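Notes for the structure review
Here is what each chain is made of, one letter per residue.
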Amino acid sequence: MRSIRRTVHTLKGDSAACGLRELSELAHQFEDALSLESAAAHAALAEIAFTAADVFAEMLAAYHGGGTLPDTAALRQRISELTAGPAVKKSRRKKKSDVVVETSKNWTAAEKRGADRCQGFRPGGV
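Anyway, here's the lowdown on the structure attached to this text. (Residues numbered from 1 in each chain as written. Predicted model: local features only at pLDDT ≥ 70, side-chain atom pairs only at ≥ 80, totals over all residues. Heavy atoms only, no water.)

1. Overview of the overall build of the protein chain
A tally of regular secondary structure across the protein chain gives five helices and zero strands. In sequence order, the secondary structure elements of the protein chain are arranged as α-α-α-α-α. The proportion of buried residues among the 126 residues of the protein chain is 28%. Here the analysis covers contacts within the protein chain between residues at least 6 apart in sequence; of these, 69% occur between residues at least 24 apart. (Helix = DSSP H or I, 4+ residues; strand = E, 2+ residues; numbered from the N terminus. Buried < 20%, exposed > 50% of the residue type's maximum accessible area, 1.4 Å probe, protein only. Contact = heavy atoms within 4.5 Å.)

2. Describing the packing of helix 2 (residues 21-34) against helix 3 (residues 39-65)
Orientation of helix 2 relative to helix 3, taken along the N-to-C sense of each, is 165°, at an axis distance of 11 Å. The angle between helix 2 and helix 3 falls in the class roughly antiparallel. As helix 2 packs across helix 3, the resulting crossing turns out to be left-handed. Only Leu 45, Ile 48, Ala 49, Ala 52, Val 55, Phe 56, Met 59, Leu 60 and Tyr 63 of helix 3 make contact with helix 2, whose side of the interface consists of Arg 21, Glu 22, Leu 23, Leu 26, Ala 27, Phe 30, Ala 33 and Leu 34. (Axes fitted to C-alpha atoms, helices over the stretch in contact; angles between N-to-C directions. Parallel < 35°, antiparallel > 145°, perpendicular 65-115°, else oblique. Left-handed = near helix turned anticlockwise from the far one by under 90°.)

3. Re the nonpolar core
Leu 26, Phe 30, Phe 56, Leu 75, Ile 79 and Leu 82 are the most contacted members of the largest nonpolar core, which totals 22 residues. Where this core is concerned, the elements lending two or more residues are helix 2, helix 3 and helix 4 (73-83). Counting residues per element, this core draws most heavily on helix 3, which supplies nine residues. Not counting the four nearest positions on each side in its chain, Leu 75 is found in contact with Leu 26, Ile 48, Thr 51, Ala 52 and Val 55. (Core = buried A, V, L, I, M, F, W, Y, C linked by side-chain atoms within 4.5 Å.)

4. Digging into the environment of Ala 40
With respect to the helices and strands, the residue Ala 40 is situated in helix 3. You can call Ala 40 exposed: its relative accessible area is 59%. For the pair Ala 40 and Leu 82, spaced 42 residues apart in sequence, the C-alpha to C-alpha distance is 9.5 Å.

5. What about the side chain of Gln 29?
Relative to the helices and strands, Gln 29 is located in helix 2. Classification of Gln 29 as buried rests on a relative accessible area of 17%. Excluding residues within four positions of it along the chain, Gln 29 makes contact with Arg 76, Ile 79 and Ser 80.

6. Remarks on the pattern of salt bridges
A pair can form between side chains of opposite charge whenever their charged atoms are brought close. Scanning the model with the defined rule gives four salt bridges in all. In this structure, Lys 12 engages Glu 31 in a salt bridge whose closest nitrogen and oxygen atoms are separated by 2.7 Å. On the criterion of sequence distance, the pair formed by Lys 12 in helix 1 (residues 2-17) and Glu 31 in helix 2 is long-range, its members being 19 residues apart. Residues Lys 12 and Glu 31 agree in their burial class; the two are buried. Linking Arg 21 and Glu 25 is a salt bridge whose minimum nitrogen-to-oxygen distance equals 3.4 Å. Taken together, the positions of Arg 21 and Glu 25, both in helix 2 and four residues apart, correspond to about one turn of that helix. Looking at Glu 25, the relative accessible area reads 37%, which means it is partly exposed. (Salt bridge = Lys/Arg side-chain N within 4 Å of Asp/Glu carboxyl O.)

See below:
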């Protein structure tokens, strides 16, 4: 679960940095579900993770090719149902309440290369 959560966290941040709002928001919602602790949640998350991987791939293809984004309503609903359950307990890891945005002059070489790759993407496939 930790590995998947880390990957989704990276996808969320990278897609936000590239202006891929819908992908970033869906990844954020899924990341929240991945922080659930119960065994029942873990069982449901396995199926949701496979669906999310397919939807994320379709979204990236749509962004890259300028096509229409896939419908994410069913996946969002499944995630919402899981995270809204009465016995839901999230992991105890604390998140930072404030995000510090670094300026490009403080970026590492790898971050600069990543930002350069994002320049070819156009938000919303426009």
